[in-house]
Amino acid sequence: MSLSAALYERLSGDAELAGLLPAFHGGPALFTALPVPAAAPLPLLAIGRPEQESNLDVQDVRLARLGLALTAFARQEAPAEELEAPLRRARRLLEGADLAWPGGELAALTCRGPLAAPAERPWRAARLEVEGLYFPQPEGGSTP
């Protein structure tokens, strides 16, 4: 399971977050890839692909850092609360979460935001920057 899939699983199962997003095909308007379907209702959340990956060797311990953005989209005229409330809930669900995936063992998960994000009219966007520090599997294992 990728980090994006682990985040999706964690977020999509939360009733409070689902209440902040419209339903789409039986679940909340939460997506793991851009572009989202044209018929997707707003507001919506999109979990981005990992944006950075770096290895951090500290003495005898091998660590890696992986970052991605969770982006909320709404119509330009939507109130800020409609855009930011799902991100604030996602932050509460993710910060310090214990997520596991085949690529390694998560040591820490931190979030920054909601932050303003660029968007073309008629949309507005905000993002939550998510960063995981993890112990990668030894050579031959899968990656996040």
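Located above this text is the structure these notes cover.
Caption draft 1: Looking closely at the nonpolar core. Ranked by internal contacts, the top residues of the largest apolar core, which has 29 residues, are Leu7, Leu11, Leu45, Leu70, Leu109 and Val130. If you list the elements that add at least two residues to this core, you get α1 (3–12), β4 (44–47), β6 (61–75), α3 (80–94), β8 (104–117) and β9 (123–136). Tallying contributions element by element places β6 first for this core, with 6 residues. In this structure, Leu70 is in contact with Leu11, Leu30, Leu45, Ala46, Ile47, Leu87, Ala90, Ala126, Arg127 and Leu128, ignoring residues within four places of it in sequence. Counting 9 residues, the second largest nonpolar core, distinct from the first, contains Phe24, Ala29, Phe31 and Ala46.

Caption draft 2: Structural detail: α3. For α3, which comprises 15 residues, the first-to-last C-alpha distance of 21 Å matches the rise-based estimate of 21 Å (1.5 Å per residue) to within 8%. For α3, the set of buried residues is Leu83, Ala85, Pro86, Leu87, Arg89, Ala90, Leu93 and Leu94. Contacts made by the buried residues of α3 are with α1, α2 (15–20), β4, β6, β8 and β9. Looking one or two residues beyond α3, the residue adopting positive phi is Gly96, at roughly 75°.

Caption draft 3: Representation of the pattern of salt bridges within the structure. Enumeration according to the criterion identifies 9 salt bridges in this entry. Across the pair Glu16 and Arg89 runs a salt bridge whose closest N-O atoms are separated by 3.6 Å. Of the two residues, Glu16 is situated in helix α2 and Arg89 in helix α3; the sequence distance between them amounts to 73 residues. Looking at Glu16, the relative accessible area reads 42%, which means it is partly exposed. A salt bridge links Glu81 to Arg88, with the shortest nitrogen-to-oxygen separation between them at 2.6 Å. The exposure class of Arg88 is partly exposed, given its relative accessible area of 29%. Beyond isolated ion pairs, a larger network of salt bridges with shared partners links Asp14, Glu16, Arg89 and Arg92.

Cut-off values and rules
- Residues numbered from 1 in each chain as written.
- Predicted model: local features only at pLDDT ≥ 70, side-chain atom pairs only at ≥ 80, totals over all residues.
- Heavy atoms only, no water.
- Core = buried A, V, L, I, M, F, W, Y, C linked by side-chain atoms within 4.5 Å.
- Buried < 20%, exposed > 50% of the residue type's maximum accessible area, 1.4 Å probe, protein only.
- Helix = DSSP H or I, 4+ residues; strand = E, 2+ residues; numbered from the N terminus.
- Contact = heavy atoms within 4.5 Å.
- Expected span 1.5 Å × (residues − 1).
- Salt bridge = Lys/Arg side-chain N within 4 Å of Asp/Glu carboxyl O.

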